[in-house]
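Fold and geometry: a report
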Amino acid sequence: MLLDVQRSLLLAIDLQEKMLPAIADHGELLWNCEWLIRAAQKIGVPVAAIEQYPKGLGPLVPAIRALLPSGAVAAKTRFSSVSAKCLADLPGNDRMQVVIVGVEAHVCVLQTALDLYHEGKEVYIVADCVGSRHHTDRDLALARMRQEGVRIVSREMVVFEWLGEANTPLFKTVSKEFLK
């Protein structure tokens, strides 16, 4: 099943000030997440974000927070955004395809993804946009999610599927800005 612009939501999980520096390859991960969020917005896909216990782990990193509109961020203390019941008021929450980026892959990303999948959503994890403190945990999380039926994709796969074809003004704009 291909991603569809009209059915997709991009969900960023726990890209927070005190958490991100502990993540392996966090600079590249943040750059990839920013890239995909900006591309989603250019294409017209709603973007929402979750913060895990912001009182302790701080808010979203400024680079991500600056990209999001008012009302697009929710807080939680449970690891799964689904069991925390924090998704209902976010933009795009009614969409059937959920594309997930964020940290930690083996904790909040995994638990949210599996819960969304078991609720009947089509869940896509962007492999180059998720991370953990240790590469082994990230790799095991991706393998487990794939085994459970969650689709593993790359950021470029997502954008090309959202675009669908090359002979459009939107493709030309996105290509010039994001696919250099």
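See the structure shown above.
Residues numbered from 1 in each chain as written. Predicted model: local features only at pLDDT ≥ 70, side-chain atom pairs only at ≥ 80, totals over all residues. Heavy atoms only, no water.

**What to know about the pattern of salt bridges**
The final tally for this structure, using the stated rule, is seven salt bridges. Between arginine 7 and glutamate 122 there is a salt bridge whose closest N-O contact spans 2.7 Å. Separated by 115 residues along the polypeptide, arginine 7 in the segment before β1 (8-13) and glutamate 122 in strand β5 (residues 122-131) bring together distant segments of the chain. (Salt bridge = Lys/Arg side-chain N within 4 Å of Asp/Glu carboxyl O. Helix = DSSP H or I, 4+ residues; strand = E, 2+ residues; numbered from the N terminus.)

**Topic: helix α5 (residues 135-148)**
With 14 residues, α5 should cover 20 Å at 1.5 Å per step; its first-to-last C-alpha distance of 20 Å lies within 8% of that length. Taken together, the buried positions of α5 are Arg138, Ala141, Leu142 and Met145. All buried residues of α5 fall inside an arc of 100° around its axis, so they share one side. Facing away from the buried side of α5 by over 90 degrees, the exposed positions are Thr136, Leu140 and Gln147. Of the surrounding elements, those touching the buried residues of α5 are α4 (105-118), β5 and β6 (151-153). (Expected span 1.5 Å × (residues − 1). Buried < 20%, exposed > 50% of the residue type's maximum accessible area, 1.4 Å probe, protein only. Arc of directions from axis to C-beta. Contact = heavy atoms within 4.5 Å.)

**A closer look at the sheet that holds β6**
Pairing is parallel across the open sheet formed by six strands, whose spatial order is β3-β2-β1-β4-β5-β6. Strands with a single pairing partner mark the edges of an open sheet, and in this sheet they are β3 (73-76) and β6. In this sheet, adjacent strand axes meet at a mean angle of 25° when their direction is disregarded. With four bridges connecting them, β1 and strand β2 (residues 47-52) associate as parallel partners. What sits directly across from leucine 11, in β2, is alanine 48. Sitting on the sheet, helix α1 (residues 26-43) touches β1, β2, β4 (97-103) and β5, and the angle it makes with β5 is about 140°. (Pairing = 2+ DSSP bridges. Axes fitted to C-alpha atoms, helices over the stretch in contact; angles between N-to-C directions.)

**Notes on the packing of α4 against α5**
At their nearest, the axes of α4 and α5 sit 10 Å apart, and the two run at 10° to each other. The angle between α4 and α5 places the two elements in the roughly parallel class. In contact with Ala105, His106, Val109, Leu110, Ala113, Leu114, Tyr117 and His118 of α4, α5 contributes Asp137, Arg138, Ala141, Arg144, Met145 and Glu148. (Parallel < 35°, antiparallel > 145°, perpendicular 65-115°, else oblique.)

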